[in-house]
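Next come the chains, spelled out residue by residue.
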Amino acid sequence: MEPWPPILGLYRALVVTLTYMRRNRVQAEIAEAHGVSQSTISRAVTGITPVLDRVLAGFAPTADELDPTVQYIVDGTLFPCWSWRTDRCLYSGKHKTRA
């Protein structure tokens, strides 16, 4: 038995899962766009996510495998994430202290 809902099939289950992960859309919104229930979208995401993890495991490096001297851009997010604690001029106006 496939880990995705039969009403969606593999392709649509993958599309809704990637949409959910990439765009962080509400499951009910995705369900409406695909003409299914929110619970069907939930089952697709739950079923496809571990499959994606297994398939992409060899292609996605772990944090330990990344070069600490390089800045990586993934979906517009810079990696590695630095700590602002070492920058003395920056502090929280609310807490009047460095983070």
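Rules behind the numbers
- Residues numbered from 1 in each chain as written.
- Predicted model: local features only at pLDDT ≥ 70, side-chain atom pairs only at ≥ 80, totals over all residues.
- Heavy atoms only, no water.
- Core = buried A, V, L, I, M, F, W, Y, C linked by side-chain atoms within 4.5 Å.
- Buried < 20%, exposed > 50% of the residue type's maximum accessible area, 1.4 Å probe, protein only.
- Helix = DSSP H or I, 4+ residues; strand = E, 2+ residues; numbered from the N terminus.
- Contact = heavy atoms within 4.5 Å.
- Arc of directions from axis to C-beta.
- Salt bridge = Lys/Arg side-chain N within 4 Å of Asp/Glu carboxyl O.
- Polar contact = N/O pair within 3.5 Å; in protein donor to acceptor, adjacent residues only side chain to side chain.
- Axes fitted to C-alpha atoms, helices over the stretch in contact; angles between N-to-C directions.
- Left-handed = near helix turned anticlockwise from the far one by under 90°.
- Nonpolar A, V, L, I, M, F, W, Y, C, P; charged D, E, K, R; others polar.

Caption draft 1: Quick peek at the nonpolar core. Counting residues in each nonpolar core, the largest one holds twelve residues, listed as Trp4, Leu8, Ala13, Val16, Ile30, Ala31, Val36, Ile41, Ala44, Val45, Ile48 and Leu52. With five residues, helix H3 (residues 38–56) is the largest single contributor of residues to this core. Excluding residues within four positions of it along the chain, Val45 makes contact with Thr17 and Tyr20.

Caption draft 2: The side chain of Gln27, seen in detail. Of note, Gln27 is situated in helix H2 (residues 27–34). Among residues more than four places away in sequence, those in contact with Gln27 are Tyr20, Gln38, Ile41 and Ser42.

Caption draft 3: Looking closely at H2. Listed in full, the buried residues belonging to H2 are Gln27, Ile30 and Ala31. Burial along H2 is one-sided: seen end-on, the buried residues are contained in an arc of 100°. Turned more than 90 degrees off the buried face of H2, the exposed positions are Glu32 and Ala33. On its buried face, H2 is in contact with helix H1 (9–23) and H3. Just past H2, the residue Gly35 takes up positive phi, approximately 70°.

Caption draft 4: Structural view of the pattern of salt bridges. Under the definition given, this model contains one salt bridge. The salt bridge involving Glu29 is made with Arg25; its shortest N-O contact spans 2.9 Å. According to the relative accessible area criterion, Glu29 is partly exposed, its value standing at 43%.

Caption draft 5: Representation of the environment of Arg43 within the structure. Checked against the element boundaries, Arg43 lands in helix H3. A relative accessible area of 46% means that Arg43 is categorised as partly exposed. Between the C-alpha atom of Arg43 and that of Trp4, which follows or precedes it by 39 residues, the distance is 6.5 Å. If we ignore the near neighbours within four places in the chain, the residues touching Arg43 are Pro3 and Pro5. A polar contact of 3.2 Å, which involves the side chain of Arg43, links it to the side chain of Thr40.

Caption draft 6: A look at the environment of Asp67. Inspection of the secondary structure puts Asp67 in the loop between H3 and strand E1 (72–74). Side chain to side chain, Asp67 and Thr69 meet in a polar contact 2.8 Å long.

Caption draft 7: The arrangement of the packing of H1 against H2 in detail. Interaxial distance between H1 and H2 falls to 10 Å at its minimum, and their mutual angle equals 145°. H2 is crossed by H1, and the crossing has right-handed handedness. On the side of H1, the interface is formed by Arg12, Val15, Val16, Thr19 and Tyr20, while H2 contributes Gln27, Ile30 and His34. For the contact of H1 with H2, a count of residues per class yields four nonpolar, three polar and one charged.

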